[in-house]
Each structure stands twice: as structure tokens, then as C-alpha cells.
Number of protein chains: 4
Amino acid sequence: MSSMSRLTVGMQPNQESGGASPPHPGGSCRYPEHPALLRPAGPWFSGRMEISRKPPTGKGPAETFTGEVWVDPITRGLPPSPLNAAAVHFTPGARTAWHSHDGGQTLYVTEGRGRIQARGQQIVELRPGDVVFAPDGEEHWHGASPQHFMTHLSITEGAPHWGPHVTDAEYHGGTH
Amino acid sequence: MSSMSRLTVGMQPNQESGGASPPHPGGSCRYPEHPALLRPAGPWFSGRMEISRKPPTGKGPAETFTGEVWVDPITRGLPPSPLNAAAVHFTPGARTAWHSHDGGQTLYVTEGRGRIQARGQQIVELRPGDVVFAPDGEEHWHGASPQHFMTHLSITEGAPHWGPHVTDAEYHGGTH
Amino acid sequence: MSSMSRLTVGMQPNQESGGASPPHPGGSCRYPEHPALLRPAGPWFSGRMEISRKPPTGKGPAETFTGEVWVDPITRGLPPSPLNAAAVHFTPGARTAWHSHDGGQTLYVTEGRGRIQARGQQIVELRPGDVVFAPDGEEHWHGASPQHFMTHLSITEGAPHWGPHVTDAEYHGGTH
Amino acid sequence: MSSMSRLTVGMQPNQESGGASPPHPGGSCRYPEHPALLRPAGPWFSGRMEISRKPPTGKGPAETFTGEVWVDPITRGLPPSPLNAAAVHFTPGARTAWHSHDGGQTLYVTEGRGRIQARGQQIVELRPGDVVFAPDGEEHWHGASPQHFMTHLSITEGAPHWGPHVTDAEYHGGTH
């Protein structure tokens, strides 16, 4: 009964200080680690600071990806900020279409083995820890190796411009 | 001898097409996965696209952090882009000082357990998958739990403004 | 030319000390971080210690998984050790069939959101940092959430025993 | 009030089916993702399957490590199983002492750059995805690079045998 009482308090945190309801539904649970901590179950404003639980994973659309690609969004991309960040999971053989970004694109490989190619250049292998910067307008593609899963962060500051899919011949290095 | 010959080719990739030397030293090695792939050992330009190996890990300076904090930089922060991204590892009990960012700060928790607090608000617990957006000028701090390691990505688009260190009393939730 | 000479030494490390060829093909490359370090490109024995590059990612077979599951093997499982460890990536909605393991199974969630259920019990949500131990013979299943990617380590010390696939009704919690 | 009622049910899951109290304290919270899911706040038995929240991070003891090392335990190591698994974070320059394991040791590098050396052999660089097997009794050490953070999984099936610390001269490759 006493643990329930503590939990009840956690469900209505803003009533403790006479404040208004949280701006998003979802409530909160206190966890046993420390009684002074909140652990909201849903989006939460602390002052003007917003804390969100993990957003749903999205699927890379067939128009701009080949193979199975799964995207965990990080930033919300609210105007006027052009910032967009996501963790992108490529299953073996999967890759983006040819594309470029206004303002460029930064990639940071966190897992597995991958490939990247700028238009007219050789394919380069990607491994965890690698950092790539593709500048404004530089057409390129990136993806997993044929036999390896690969995850990278993608950070962009402008709109993408999508081109054709990467053919199997291009992906396997038959053409440069 | 034949494997050495293949490697030699990989060491001088731009000579294959009669090009100039790569803009950064370091050379490259072909790996056996696929003979058409490059795996440069150092920074590399492919067209105007730059591929860098993992940058060195830096230590969070004592002026702005309490405890041991290790920073793996992701972006280079070259002008005119204000973008700065890094993976930040907090050892148990370590935390930033109070601070805010021009343009705000996005955090994405990838490992462990942490804490975050906006000035005048309660401490909120952080877990992997959580996304935080602290808007322009919102003073806050973040760090690991007392008994847990924590890693988050940090993405900012403007200069930080550092305030006082987070006292042990603040960190442990004695004050709200 | 001088950088090639350094690399050539790295290609034949055992000849420096008059040793035999490495037991596996693949050669090695010296990297510029430190001239005394080896970075073999393929499997390598250092004394009796074996160092292997990332093994290929495998696909979870349709007989024992529902949906797309990708497996990065860690241990080799050589006799007489029964140890088997792997990092298993579940795309949203994907899950194992019902199964148990001789000697039990340990799971360690490293990313995303998942689900687990023991036969006759309620479904429990899994998050990063969670550790599960399913003892010898305990029938259960695990997988990703419907809207989230999930990765866990799996460590087993005995043979699996596979049962029926997890139906959509079971997966969505319609039955306990 | 209705959200509180749902939560109350989640606090006493075993009373729904007339069962006994959970074997560990901690209670549970239902999360909004799906009403049929449990998300216990503490250790939990589902049938004979045990689900634990992230265990606390421990510090590598000065007797067996040089520099700051942080250990996230995965397995419980309950008798009679000799299995021990952990995620080990090495700060730059940190390393184990010389040691071996009964039954051997498997390492799986998940982040950063590291070093490993078997007694009498050259130092080899470690990178994410690398798998190392040090067989029964093979004396070796492993750790981070001087300028990089490194995390690896460690899986063992027997007792460690610790030797002397790795000197700076050994660590920097001055001796083989």
C-alpha cells in the first residue's frame, strides 16, 4: 500500500507544486532508484525543455532506398531549424538511392560494415567510428555491405535531393 | 607475393586513374571482402566527400564537467556551419555544469542511465532511446546516474554558455 | 615509397621474427596510429589467441523466426564448449518462435523496444539494459515491438528446442 | 483517475490471476504503448524466467586494471553455471593486468579502438566487430588505445588468473 501511494504521487507531479497539467498526456512513474527522480512515460516538458520517449522506428521508403532500411528518428525537425538527425539501420545489401543534401550530410558509423560512393569515384568501405561529410550538392549513396548489417547516424541541415536507385552493378562495384 | 601486389595498388589509388595524391597522408589498404573496395587508413577525399577514421576521444574539461567524461567528436564544426555533434560518455556520477546553447541542444541517449534537470524543475531520469530538446537559452545540466554509466549523443547549432558546476546537493535531488 | 616499405613489413609479420606464415590467409596492414601495432585484415593467431574480423551477418531462418531478423555471431561454438553468443537485430514486429534452451538463455537488450513472454504468462516489455534469464527448459519467445527496432545479445550454453511460431494474436497480447 | 486505475492494476499483476506476490520488490508500471504489456520497475519472474532492469555499473578494481575501467554486468554467474558476461568500458589508456581464464575468454568489440597482446607476441589493434578468443590458460591483456575510448563484451566460462599489471613500456609496444 505504501509503494502504491508513492506511485500515485508520481502520476500527478505537477499537482505537488500546484502546477498545471503536463502539456502532453502519458503520466509518469517514480522508479525506486531515487525518490526525487521523475521518469515520465510520455513526452514531458521540464521548463521549456522537452523530454520524449523513443520515437517509433520508420521504414525507409521504396522510392529512395533499395532493400530493408529502418530509421530511428532523433530530431523533430521543427521550423525554423533545418536540423534532421536519425539512426539508420541497413540490412545486408540495402542502400540509399543516389542523393545529395542542401548544406551537406554528416554520417557517423556505429555498427557493422558498409559502403559509400561519390558520383564518379570508387566505392569506399565504411566501419564503426568512420565520419563522412558529403558537402552541399555532392551526389552520393551509402548502405550496408552485402554480407553485413550496418548502422549509421545521419545529420543534415537541409533538404535532400533524390536521384535514381543504385543498381546492383553500381552497388557491387562493377562501375565507377 | 600476389597479395602484396594487390595491396600496392591500393596504396596509390589515385595513380590508377592518373590522378594526384590524396589530400591527406595515410594511404589505403584493400581488404579481401571485395577487390573493388577501398579502405583508406586515413582521411580521404572521394570527389568532394571526406571520409575520416574515428577521431581521438577527448576528455571533458574540469571547467565545465564534474567527474570523468569522455567525448567522441562526430562533426568537425567547420565555419560557416554552427553544427556540432559528439557521442559523450559519462562515468557514474559525472555531469555537465549548468549551461545553455544558442539555438538549443538535442540529446539522444544510447546507453545506460542518466539524469537531466532544467533550472527550477525536478530531475528527470534518462534512459536509452530518450530524446531531449533544450531550447535556445534554457539553462540545464545532464549526466550519468550515480550508479550507472551513460552515453548520449549531443547535437547543437550554436555556442554554449557555461554556468556554475552542479553541486552534489543539486545532483542528488536535494533541491528542485 | 617509404610508406609502402612500412606496409610491406606489416604484410609479413612473422618473417620479422623468422616465424612461419600466419595460420589463416588475409595478410595485415600497419595503421599510422602507432608503428608497433598490427592490424591484420583477416583471422590471426597471436600465440594461441585468435583474433577475427567481424563475421558475416546471418538471416534468422523462417523456420524459427517470424519477420526479418539479422544475426551477428560472436562465438564460434567450437566443441567441446557449448557456448553460443550473438547480437540479434529484430526489425519491428519480428520475433522468435516459441523455444527453450538446454542450460537456459541469457538476453541483454542493447537498443530499441521489445517484448518477451514465458508460456502461460503475460507479455513483458523489454528495453535497453534489461537482462533476462530463461532457465533450462522454460518455453518462451522474444522479439521487437510492433513499432520499434530491437537488438539484444543472446548467450546460451546448450541446444535450442524450437516449437511453433508465435501467432499474431499471441504477439499482440490477445492471449496470456 | 482512470489512468491511475490502470496503473494500480499494473502494480499488483499477480493478484489479477490470484497469484502470490512477485519474488522481488519493485512493483511495475503499465506503459501506454499497449495495455496488455507489463513493464516491471524491478526484477520480475515470469514463470521461472527472470527479467532484471539494468544492473549497476561497477568500477574495475585497481588490483587488476590500470586506469579507469567501468563494467556493466550482464550475467548473474549463479552456480553451477560458470558463465560470466559483461560490457566493459575502457577509458583512453586503461587496460587489464596480464591474465588468463580457465576455459578461455571471448571478447567482442562494440565501440572505439583498443589493443590486445598475448604473452610473447606483438600488440594487435582492436576495432568494433572484432572477435577474440583467448584459450584456456593463454596469458594476455586488453584495453583501450591511448587516444580512444573502447568498449567490449567479455564472456568467460571459468575463473580468471591475474598476473602483474601491464607497464607503460609494455602498453606502448616498447617490448614484445
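Every residue gets a number counted from 1 within its own chain, in the order that chain's sequence is written. Chain letters start at A and ligand numbers start at 1, both assigned in the order the entries are written. Given that this is a predicted model, residues contribute local features only at a pLDDT of at least 70 and side-chain atom pairs are listed and counted only at 80 or more, while totals for whole chains, interfaces and linings are drawn from all residues. Heavy atoms from the whole structure form the basis of all side-chain values; hydrogens and water molecules are not counted.

## As for the relation of the copies chain A and chain B
And step 1. When the copies are superposed, the least-squares fit draws on C-alpha atoms of residues that have pLDDT of at least 70 in both. Expressed as a screw transformation, the operator carrying chain A onto chain B has a rotation angle of 180° and an axial translation of 0.0 Å, and the superposed copies differ by an RMSD of 0.0 Å. The two molecules are tied by a two-fold rotation axis, judged by turn and shift.
And step 2. Interface overlap between copies: 100% of the residues of chain A at the interface are likewise at the interface in chain B, consistent with a symmetric, same-surface contact. Throughout, a contact is declared for two residues whenever any of their heavy atoms are within 4.5 Å.

## Section: the pattern of salt bridges
And step 1. Think of a salt bridge as a Lys or Arg side-chain nitrogen and an Asp or Glu carboxyl oxygen that are within 4 Å of each other. Under the criterion given, the structure shown has 32 salt bridges over all chains.
And step 2. Between Arg-95 of chain A and Asp-168 of chain A there is a salt bridge whose closest N-O contact spans 2.8 Å. A residue pair is termed long-range when its members are at least 10 positions apart, and Arg-95 of chain A in strand S9 (residues 95-96) and Asp-168 of chain A in helix H3 (residues 168-171) qualify at 73 residues.
And step 3. Relative accessibility thresholds used throughout: buried, under 20% of the residue-type maximum; exposed, over 50%; partly exposed, between the two (1.4 Å probe, protein chains only). Judged by relative accessible area, Asp-168 of chain A falls into the exposed class, the value being 52%.
And step 4. With a shortest N-O distance of 2.9 Å, Glu-139 of chain D and Arg-119 of chain D are connected by a salt bridge. Of the two residues, Glu-139 of chain D is situated in the loop between strand S14 (131-134) and strand S15 (140-144) and Arg-119 of chain D in the loop between strand S12 (114-118) and strand S13 (124-126); the sequence distance between them amounts to 20 residues.
And step 5. Here the salt bridges do not stand alone but share partners, grouping Arg-119, Glu-139 and Glu-170 of chain A into one network. Secondary structure elements are taken from DSSP: a helix is a run of H or I of four residues or more, a strand is a run of E of two residues or more, and numbering for both begins at the N terminus.

## Quick word on the sheet that holds strand S14 (residues 131-134) of chain C
And step 1. We call two strands paired when DSSP finds no fewer than two bridges between them. Spatially, the 8 strands line up as an open sheet ordered S5(C)-S7(C)-S8(C)-S16(C)-S11(C)-S14(C)-S4(D)-S3(D), and their pairing is antiparallel. Both outer strands of the open sheet, strand S5 (58-59) of chain C together with strand S3 (44-46) of chain D, are each paired with one neighbouring strand and no more.
And step 2. With 4 bridges connecting them, strand S11 (residues 105-112) of chain C and S14 of chain C associate as antiparallel partners. Opposite Thr-106 of chain C, over in S14 of chain C, you have Phe-133 of chain C as the bridge partner.

## As for the packing of aromatic side chains
And step 1. Two rings belonging to Phe, Tyr or Trp (six-membered ring only in the last case) form a pair when the distance between their centres is within 6.5 Å. Interplanar angles under 30 degrees mark stacking, angles over 60 mark edge-to-face geometry, and anything in between is tilted. Applying the stated rule across the entire model yields 14 aromatic pairs over all chains.
And step 2. Centroid distance Phe-65 of chain B to Phe-90 of chain B: 6.3 Å. Interplanar angle 55°. Geometry classified as tilted. Highlighted residues: Phe-65 of chain B in strand S6 (residues 65-66) and Phe-90 of chain B in strand S8 (residues 84-90), separated in sequence by 25 residues. One exposure class covers both Phe-65 of chain B and Phe-90 of chain B, and it is buried.
And step 3. For the ring pair Phe-65 of chain D and Trp-162 of chain D, a centre distance of 5.9 Å and an interplane angle of 55° mean the geometry is tilted. Taken together, the residues Phe-65 of chain D in strand S6 (residues 65-66) and Trp-162 of chain D in strand S17 (residues 160-162) connect sequence positions 97 residues apart.
And step 4. Owing to a relative accessible area of 37%, Trp-162 of chain D belongs among the partly exposed residues under this scheme.
And step 5. Among the aromatic side chains, those forming a connected cluster through ring pairs are Phe-65, Phe-90 and Trp-162 of chain A.

## Structural notes on the sheet that holds strand S3 (residues 44-46) of chain B
And step 1. Taken in spatial order, the 8 strands make up an open sheet running S5(A)-S7(A)-S8(A)-S16(A)-S11(A)-S14(A)-S4(B)-S3(B), and their pairing is antiparallel. Each of the sheet's edge strands pairs with one partner strand only, and the pair in question is strand S5 (58-59) of chain A together with S3 of chain B.
And step 2. The sheet contact formed by strand S14 (residues 131-134) of chain A and strand S4 (residues 49-52) of chain B spans 3 bridges and is antiparallel. The partner of Val-132 of chain A across the bridge, within S4 of chain B, is Ile-51 of chain B.

## Digging into the interface of chain A and chain B
And step 1. In this assembly, 62 residues from chain A lie in contact with 62 residues from chain B.
And step 2. Here chain A and chain B share an interface that buries about 5200 Å² over both sides, 55% of which is from carbon and sulfur atoms.
And step 3. On the chain A side of the contact with chain B, Arg-48, Met-49 and Ile-74 of chain A bury the most area, a combined 12% of that side's loss.
And step 4. Where chain A packs against chain B, one counts 4 salt bridges.
And step 5. For Glu-138 of chain A, the salt bridge goes to Arg-48 of chain B, with nearest N and O atoms at 3.1 Å.
And step 6. Polar contact is defined as a pair of N or O atoms within 3.5 Å, subject to the rule that within protein one atom must be able to donate a hydrogen and the other to accept it, and that residues adjacent in sequence are counted only when both atoms are side-chain atoms. Applying the counting criterion to the chain A and chain B interface returns 12 residue pairs in polar contact (both at pLDDT 80 or more).
And step 7. Taken together, the elements giving at least two residues each to the side of chain A that touches chain B come down to helix H2 (13-16), strand S2 (39-40), strand S4 (49-52), strand S11 (105-112), strand S12 (114-118), strand S13 (124-126), S14 and strand S16 (150-156) of chain A. By definition, the buried area sums, over both parts, the 1.4 Å-probe accessible area that each loses when the two are put together.

## Description of the confidence of the model for chain A
Residues and elements named next belong to chain A.
And step 1. The pLDDT value expresses, per residue, how confident the predictor is, ranging between 0 and 100. Per-residue confidence for chain A gives a mean pLDDT of 80, with 74% of residues at or over 70.
And step 2. Ignoring residues within four places in sequence, the model shows residues 1-33, a span with pLDDT below 50, making 69 contacts including any to other chains.
And step 3. Of the two predicted TM-score estimates for the complex, the pTM is 0.83 and the ipTM is 0.80.

## Observations concerning the environment of Gly-103 of chain B
Residues and elements named next belong to chain B.
And step 1. Within the secondary structure, Gly-103 sits in the loop between strand S10 (99-101) and strand S11 (105-112).
And step 2. The class for Gly-103 is partly exposed, based on a relative accessible area of 33%.
And step 3. Once the C-alpha coordinates of Gly-103 and Ala-169 are considered, the two residues, 66 residues apart in sequence, prove to be 29 Å apart.
And step 4. Residue contacts for Gly-103: discarding those within four places in its chain leaves Phe-133, Asp-136 and Glu-157.

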